[in-house]
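Fold and contact review
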Amino acid sequence: MNIMVRELNEQKLETFVTRILDDLGAAMTAPLVRIGDELGFYDVLAQSGPTTPQELAHRTGTVERMVREWLSAHAAAGYLDYDAASGRFSMNPEQAMVFGNPDSPVYMLGSFEVCQAVMVDQPKVTKAFRKNGAAGYHERCNCLFSGMARFFGVSYKAHLVQEWLPALDGVVEKLERGAHVADIGCGHGISTTLMATAFPRSKFWGFDNHEGSIACAKDTATRDGVGARTTFEVATAKNFPGDNFDLVCCFDALHDLGDPVGAARRVLQALAADGTFMAVEPRAGDALQDNLNPVGRLYYAGSTMICTPVSLAQEVGLALGGQAGPRRLEAVLREAGFRSIRIAAETPFNIVIEARR
């Protein structure tokens, strides 16, 4: 039936239009968040308490009229509070956790940087739809890599050392004694340096095929005081050097690979006899209907713009996607030769898979 012929449900239409208006407001607000991030507005607001546009402009060296409009948009979005009597804008404690505290487990500014990156790269992905689907990391804007480091780093800081590693069988004990660890697809090295900081007797190697990210990883390790115990090299997941690793990690990267089976085979070869492979992946159900929720919405969008075209730009191009689900991921690991596979830990955004021989 032609949907234009069917009688409209006015209430459903009104609800849907309201939803779209909300989405459009969010989309229009996203670049304002990036502006506030780059100009340091959130830092000042988090530290200073209730602030007028004039005060914020003075403290950040910016134009008051523009600052007033930026603050007003944030208040309309519910991103800041506004007191009409005093004309001041402020962050409540919940807003500060999202925008003003980099150590918060729900700090979101990195997510908006990723949003900026996918908008910049949108013409490349549109082109990919018409060709072979490929839009690899080598042709993406730099803010994608820095944004992903900030976005993923929030979860890693909150969970990696405290929950994920302890959930693995015997791994923390090895790390405390002194282990050899490889971090595949390490990006800017956030995960690598977190582990190196927590386990000073162990040595860590980070590998990524993006040269710029490896340079940033080296800087991160030096800044965090673990440069002597970390080594970063440009390498792919199928050709990284070394063997006899006690632990090999792959953080939010296995599904991005063109040949995740081949990469997992290389991991299996590189592990010590009693070694462990830890794959941290986006949380998802095994069926589409299981993922029709706010997290699934975000991840499917990210997968369309980043994960799937990146995989299709590589050899094999399996294109698991960001919502592959545990069953598909387990099948990849079993095809690679792993026999003992389990979900060791979960968060609202991630699953942690432990795989052994």
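Residues numbered from 1 in each chain as written. Predicted model: local features only at pLDDT ≥ 70, side-chain atom pairs only at ≥ 80, totals over all residues. Heavy atoms only, no water.

The name given to the protein chain in an unreviewed UniProt entry is Class I SAM-dependent methyltransferase, with Bradyrhizobium symbiodeficiens as the source organism.

1. Considerations on the overall build of the protein chain
Test applied: Secondary structure follows DSSP: runs of H or I at least 4 residues long count as helices, runs of E at least 2 residues long count as strands, and numbering of each begins at the N terminus. Atoms counted for the radius of gyration: C-alpha only. Globule rule: 2.2 Å times residue count to the power 0.38. When a residue's accessible area, from a 1.4 Å probe over protein chains only, is under 20% of the maximum for its type it is buried; when over 50% it is exposed; and in between it is partly exposed. Residue contacts follow a heavy-atom distance rule, with two residues in contact if any of their heavy atoms lie within 4.5 Å. Residue burial considers only the protein chains on display, and all accessible areas are found by Shrake-Rupley using a 1.4 Å probe.
Across its full length, the protein chain holds 14 helices and 9 strands. For a compact globule of 357 residues, the expected C-alpha radius of gyration is about 21 Å, and the protein chain comes in at 22 Å, within 12% of that figure. Projecting the C-alpha coordinates of the protein chain onto the three principal axes gives extents of approximately 70 × 60 × 35 Å. Taking all 357 residues of the protein chain together, 48% fall into the buried category. Looking at the protein chain alone, contacts between residues at least 24 apart form 67% of all its contacts between residues at least 6 apart. Split by element, the accessible area of the protein chain, about 18000 Å² in all, is 55% carbon and sulfur.

2. So, empty space enclosed by the protein
For clarity, the cut-off: Space inside and on the surface of the protein is sampled on a 1 Å grid over the protein atoms alone, with a cavity defined as a set of points where a 1.4 Å probe fits but cannot get out and a pocket as an open set with protein on both sides within 12 Å along at least 5 of 7 lines; lining residues have an atom within 4 Å of a point. Grid points are joined across faces, edges and corners, and a volume is the space filled by probe spheres set on the points. The nonpolar class holds Ala, Val, Leu, Ile, Met, Phe, Trp, Tyr, Cys and Pro. Asp, Glu, Lys and Arg form the charged class, and all remaining residues, Gly among them, are polar.
Taken as a whole, this structure holds 1 cavity of 30 Å³ or more when the rule is applied. As a volume, the largest cavity reaches approximately 30 Å³. What lines the largest cavity is Ile 184, Ala 237, Cys 250, Leu 254, Leu 257, Ala 263, Val 267 and Phe 277. Its residues placed into classes, the lining of the largest cavity shows 8 nonpolar, no polar and no charged.

3. Some thoughts on helix H3 (residues 53-60)
Worth spelling out the cut-off: As used here, the arc belongs to the directions running from the helix axis to the C-beta atoms.
Restricting attention to buried positions, one finds in H3 the residues Pro 53, Leu 56, Ala 57 and Thr 60. End-on view of H3: buried residues confined to an arc of 100°, all on one side of the axis. In the core, the buried residues of H3 are packed alongside helix H1 (10-39), helix H2 (41-48), helix H4 (64-77) and strand E2 (88-90).

4. Some details on the nonpolar core
Rule in force here: Take the buried Ala, Val, Leu, Ile, Met, Phe, Trp, Tyr and Cys residues and link them wherever side-chain atoms come within 4.5 Å; each set so joined is a nonpolar core.
Formed by 32 residues in total, the largest nonpolar core has its most connected members in Phe 240, Val 248, Phe 277, Leu 333 and Phe 338. Contributing elements (two or more residues each) for this core: strand E3 (180-184), strand E6 (245-251), helix H12 (260-270), strand E7 (271-282), helix H14 (326-336) and strand E9 (350-356). When residues in this core are grouped by element, the largest group, 6 residues, is from H12. For Phe 338, the contacting residues outside a window of four places in its chain are Ala 264, Val 267, Leu 268, Leu 271, Phe 277, Leu 333, Ala 355, Arg 356 and Arg 357. Grouped together as the second largest cluster of nonpolar side chains are 28 residues, Trp 164, Leu 175, Phe 199 and Val 280 included.

5. What about the pattern of salt bridges?
Using the following cut-off: Between Lys or Arg on one side and Asp or Glu on the other, a salt bridge is scored when a side-chain nitrogen of the former is within 4 Å of a carboxyl oxygen of the latter.
This model, assessed by the stated rule, comprises 19 salt bridges. In this structure, the salt-bridge partner of Asp 23 is Arg 297, at a minimum N-O distance of 2.7 Å. Here the residue Asp 23 occupies a position in helix H1, and Arg 297 occupies one in helix H13 (residues 294-312), the gap between them amounting to 274 residues. Asp 23 gets classed as partly exposed once you look at its relative accessible area, which sits at 22%.

6. Digging into unusual backbone geometry
Positive phi values are uncommon outside glycine, yet Asp 252 reaches one of about 50°. Looking at the secondary structure, you find Asp 252 in the loop between E6 and H12. Overall, the relative accessible area of 6% leaves Asp 252 in the buried class. Despite not being glycine, Val 316 shows a phi value in the positive range, around 75°. Inspection of the secondary structure assignment puts Val 316 in the loop between H13 and H14.

7. Let's talk about the environment of Leu 292
Structurally, Leu 292 is set in the loop between E7 and H13. Sequence separation between Leu 292 and Leu 32 is 260 residues, and the spatial gap between their C-alpha atoms is 28 Å.

8. Some words on the UniProt feature "domain: Methyltransferase" (unreviewed entry) in the protein chain
This is how the line gets drawn: UniProt positions are given in the numbering used here, feature names are shortened, and annotations may be inferred rather than shown by experiment.
Look at the UniProt record and you will see "domain: Methyltransferase" (unreviewed entry) annotated at residues 176-292. A helix fraction of 30% and a strand fraction of 30% characterise residues 176-292, whose end C-alpha atoms lie 41 Å from each other.

9. Points about the packing of aromatic side chains
This is how it is decided: Working definition: a ring pair exists when centres of Phe, Tyr or Trp rings (six-membered ring for Trp) sit within 6.5 Å. Plane angles under 30 degrees give stacked, over 60 give edge-to-face, the rest tilted. Both a distance and an angle decide whether a charge sits over a ring: NZ of Lys or CZ of Arg must be within 6 Å of the ring centre and within 35 degrees of the ring normal.
Summed over the entire model, instances satisfying the criterion amount to 14 aromatic pairs. Aromatic side chains Phe 99 and Phe 112 sit 6.4 Å apart centroid to centroid with 40° between the ring planes, which places their arrangement in the tilted category. Highlighted residues: Phe 99 in helix H5 (residues 93-99) and Phe 112 in helix H6 (residues 109-120), separated in sequence by 13 residues. An aromatic cluster is defined as three or more aromatic residues linked by ring pairs; in this entry it consists of Phe 41, Tyr 42, Trp 70, Tyr 79, Phe 99 and Phe 112. Here the guanidinium or amino end of Arg 266 rests over the ring plane of Phe 240, the centre of that ring lying 4.6 Å away.

10. Comments concerning the sheet that holds E3
Applicable threshold: Only strands joined by at least two bridges in the DSSP assignment are considered to pair. Angles run from 0 to 180 degrees between N-to-C directions of axes, and those axes are lines fitted to C-alpha atoms, restricted for helices to the stretch in contact.
The 7 strands lie next to each other as E5-E4-E3-E6-E7-E9-E8, forming an open sheet whose pairing is mixed. With partners counted over all chains shown, the strands left at the sheet margins are strand E5 (230-234) and strand E8 (340-346), one partner each. Strand after strand, the sheet turns through a mean of 20° between neighbouring axes, direction not considered. Sheet topology note: the strand E4 (residues 203-208)/E5 ladder contains 5 bridges and is parallel.

11. So, the layout of surface pockets
Here the second largest pocket defines a volume of roughly 800 Å³. Residue lining of the second largest pocket: 40 residues in total, with Tyr 137, Gly 185, Asp 208, Asn 209 and Ala 253 positioned closest to the centre. Among the secondary structure elements, those contributing two or more residues to the lining of the second largest pocket are helix H8 (142-164), E3, helix H10 (190-198), E4 and E6. In terms of residue count, H8 provides more of the lining of the second largest pocket than any other element does, 6 residues in total.

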